[in-house]
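Below are the chains, spelled out letter by letter.
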Amino acid sequence: MPMTITEKILANHAGKEHVVPGELINARVDFVLANDITAPVAIREFEKIGVADVFDRERVTLVPDHFTPNKDIKSAEQALLVKNFSRQYGLTNYFEIGRMGIEHCLLPEQGLVGPGDLVIGADSHTCTYGGLGAFSTGVGSTDLAAAMALGETWLKVPESIKFEFTGELQPWVSGKDLILYTIGDIGVDGALYRSMEFTGPAIENLSIESRLTMCNMAIEAGAKNGIVAPDAITRAYVEGRCKRPYQFYQSDPDASYVKVYQYDVSKIEPQVAIPHLPENSRPVGAAGNVEIDQVVIGSCTNGRMEDLRVAAKLLQGKKVHKNVRMVIFPGTQEIYLQALREGLIEIFVMAGGAVSTPTCGPCLGGHMGILAKGERAVATTNRNFVGRMGHPESEVYLANPAVAAASAILGRIAAPGEVE
Amino acid sequence: MELQGRTWKFGSDVDTDAIIPARYLNTSDPAELAKHCMEDADPAFPEKVKPGEIIVAGKNFGCGSSREHAPIAIKAAGISCIIAKTFARIFYRNAFNIGLPIFEAPEAAEEINEGDEVAVDAGTGIITNKTTGKTYQATPVPLFMQQIIASGGLINYVAERVNKECTK
Ligand code: SF4
């Protein structure tokens, strides 16, 4: 019976030959994670179950990345709870500030998640790891607590939607634009409960970074997971990095999909999603004359090397507009260090930008760059909901790092071509 | 179990940042979270909501983050249940796991007006709009979620399982 890549991974983890969409399965999990916001609730629930240990101390990690470095006393207490739990249960992986990163940048980088894995995390952007060919999805804290105890979780096998991308990418277009365009086409519930499978020649040529970015935003279309079949590009990334054996799965050619969308990427320009939903995407040129107060480059969506390199390319020798504050958040310490080595940090600072230690910070309106009433930001993050980055009457425009950098220079939403 | 109350109506795609903004997530205390419930959708909501009242919303309710703080805030604010056209996936699971009854009923969500008095039979999923007299049937809940509810939430369900395995 033909299956999609998602169905194959789920079948394997449920110990079955086949699974079909709609089927409820009890599946083994390879890795589980939570962060400093969701872990405290998960810990509370976990302790109610009454087990002596987590299912596997190498496969549970709690990453303090949202309100860290601790922004206030309450946040410090939440982070301490995470740290104490990690110690008490002897979790192999605990990431203290200075060695930490944003969870969805950190886990792939550290080789903790890999192709063919089944991963659940108490964070909606856990779907990011689909970029490596894993099945990964976000759950709540209580679901996570159960998985921490059992090493298993209940899942409903999702129907799959296939997205086929053909053609050559235009200059300054990356995975971010493809996913914003896609969400603009299908809507924020266009893939509700379903799996988004990204395929086609344009995806086969796409970097791992861009694939992770695309899968990161699958949740923004309501999807259960996003996934790209692993290939030579994946292998080059995971070889020598993954700490556990990994497995490459591919969809069968005759696997069934509820829908197939076809996009010619040569027609896709750099996108901007205007407030207040990610589905409000349009070509950057159609965003109008929008003056901005802040630019944020980073997050689990676009805080990787490829993203920083693109931003630096445009910012080199340029200055951030006098009315704009630009904050840059490398995804992990390793990315920070690599950016330092490549001279990118110097470019950002010379341009008049502020570079932060890795943190979620402004992405969720936590700290390190909150918007006042009426302020506007261009951000490479993934959500532009009301109040997401600060005051309920502030605005967030989502874009790729090139558009963000160009906008920082010109003080308004701008196309990269305007500053090249 | 019969749930009954006056309704508050919201539109589509109400996201978790509107339900409980991240700026309040430096705590997970339900009473604290309840003070800011739905604040970015309607700043006066935490003040005006009364125990037992019902939220009625459009499609994709609870989209966005996986924060369980969202259904926790709603439950702690005293809301007895939510009726919506559809729910976002993670919110749906979370609501069951923490014991907040939710009902997918597109027609009811469309037709019920704010302020209507509505009764819901949680067992059968039959929704009665007492103001208009019209009744609706909510989409049935998957069997395994019914089992979770019967155990009193996911944690009890798991604890029962773990204890059974220990005594085997
Ligand atoms: S960077 Fe933003 S979207 Fe990503 S995990 Fe942090 S808060 Fe969530």
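Residues numbered from 1 in each chain as written. Chains lettered and ligands numbered in written order. Predicted model: local features only at pLDDT ≥ 70, side-chain atom pairs only at ≥ 80, totals over all residues. Heavy atoms only, no water.

Glancing now at the environment of leucine 315 of chain A. All names here are of chain A. Counting through the fold element by element, leucine 315 comes out in helix 11 (residues 305–315). You can call leucine 315 buried: its relative accessible area is 0%. Considering only alpha carbons, one finds leucine 315 and alanine 351, 36 residues apart in sequence, at a separation of 6.5 Å. In contact with leucine 315, not counting residues within four places along its chain, are Val320, Met326, Ile347, Phe348, Ala351, Ala405 and Ile409. (Helix = DSSP H or I, 4+ residues; strand = E, 2+ residues; numbered from the N terminus. Buried < 20%, exposed > 50% of the residue type's maximum accessible area, 1.4 Å probe, protein only. Contact = heavy atoms within 4.5 Å.)

Time to look at the interface of chain A and chain B. Listed per partner, the contact involves 50 residues of chain A and 40 residues of chain B. For the pair chain A and chain B, the interface holds four salt bridges. The residue aspartate 143 of chain A makes a salt bridge to arginine 93 of chain B at a minimum N-O spacing of 2.8 Å. Taken together, chain A and chain B are joined by 20 residue pairs in polar contact (both at pLDDT 80 or more). Those elements that place two or more of their residues in the side of chain A that touches chain B are strand 1 (24–28), helix 2 (38–49), helix 3 (73–88), strand 5 (135–138), helix 5 (141–150) and strand 6 (152–156) of chain A. (Salt bridge = Lys/Arg side-chain N within 4 Å of Asp/Glu carboxyl O. Polar contact = N/O pair within 3.5 Å; in protein donor to acceptor, adjacent residues only side chain to side chain.)

This paragraph deals with empty space enclosed by the protein. Summed over the entire model, instances satisfying the criterion amount to five cavities of 30 Å³ or more. Space inside the largest cavity adds up to approximately 240 Å³. Lining the largest cavity are 23 residues; nearest its centre among them are His66, Asp123, His125, Leu364 and Arg388 of chain A. Residue assignment for the lining of the largest cavity shows that the elements contributing at least two residues are helix 4 (103–109) and helix 10 (299–302) of chain A. For the lining of the largest cavity, the two domains that each supply at least three residues are domain 1 (5–263) and domain 2 (272–414) of chain A. Taken as a whole, the second largest cavity spans an internal volume of roughly 80 Å³. Taken together, Asn26, Asp143, Ala146, Leu150, Glu152, Thr153 and Trp154 of chain A together with Arg93, Leu154, Tyr157, Val158 and Arg161 of chain B form the lining of the second largest cavity. Elements that contribute at least two residues to the lining of the second largest cavity include exactly helix 5 and strand 6 of chain A together with helix 8 (154–167) of chain B. Per-element tally for the lining of the second largest cavity: the top contributor is helix 8 of chain B, with four residues. (1 Å grid on protein atoms, 1.4 Å probe; cavity = no way out; pocket = protein on both sides within 12 Å on 5 of 7 lines; lining within 4 Å. Points joined across faces, edges and corners; volume = space filled by probe spheres on them. Domains from an automatic or database assignment.)

Paired through their backbone hydrogen bonds, the strands of a sheet run either parallel or antiparallel. Residue and element names in this part refer to chain A. With parallel pairing, four strands are arranged side by side in an open sheet as 9-8-7-10. Of all strands in the sheet, those bounded by a partner on one side alone are strand 9 (225–227) and strand 10 (259–264). Each strand of the sheet is rotated relative to its neighbour by a mean of 20°, with strand direction disregarded. Strand direction decides the pairing type here: strand 7 (residues 160–166) and strand 8 (residues 195–199), joined by five bridges, are parallel. Along strand 8, the bridge assignment pairs serine 160 with serine 195. Docked against the sheet, helix 1 (residues 5–13) engages strand 7, strand 8 and strand 9, running at close to 115° with respect to strand 9. (Pairing = 2+ DSSP bridges. Axes fitted to C-alpha atoms, helices over the stretch in contact; angles between N-to-C directions.)

All names here are of chain A. Taking every second residue as pointing to the same face, both faces of strand 5 are buried, with Phe135 and Thr137 on one and Ser136 and Gly138 on the other. Of the strand pairs in this sheet, strand 4 (residues 118–121) and strand 5 are connected by four bridges, and their pairing is parallel. By the bridge assignment, valine 119 is partnered in strand 5 with serine 136.

So, on to the sheet that holds strand 11 (residues 271–273) of chain A. All names here are of chain A. Taken together, the seven strands give an open sheet; going across it, the order is 12-11-17-16-13-14-15, and neighbouring strands pair in mixed fashion. Two strands close off the open sheet at either side, each with one partner strand: strand 12 (281–283) and strand 15 (354–355). In the sheet, strand 13 (residues 294–298) pairs with strand 16 (residues 376–379) via three bridges, with the strands oriented parallel. Considered in strand 16, the bridge of valine 295 is made with valine 378.

A few words now on the domain arrangement of chain A. Residue and element names in this part refer to chain A. According to the domain assignment, chain A consists of domain 1 (5–263) and domain 2 (272–414). For domain 1 and domain 2, the distance between their C-alpha centres works out to 24 Å. Domain 1 puts 39 residues into the contact, and the matching count from domain 2 is 38 residues. Summed over both sides, the interface of domain 1 with domain 2 buries roughly 3100 Å², with 60% coming from carbon and sulfur. At the surface where domain 1 touches domain 2, the tally comes to one salt bridge. In this structure, glutamate 220 engages arginine 383 in a salt bridge whose closest nitrogen and oxygen atoms are separated by 2.6 Å. The interface formed by domain 1 and domain 2 holds 27 residue pairs in polar contact (both at pLDDT 80 or more) in total. Sorting elements by how many residues they give to the side of domain 1 that touches domain 2 places helix 6 (residues 175–186) first, with six residues. (Buried area = accessible area lost by both parts, 1.4 Å probe.)

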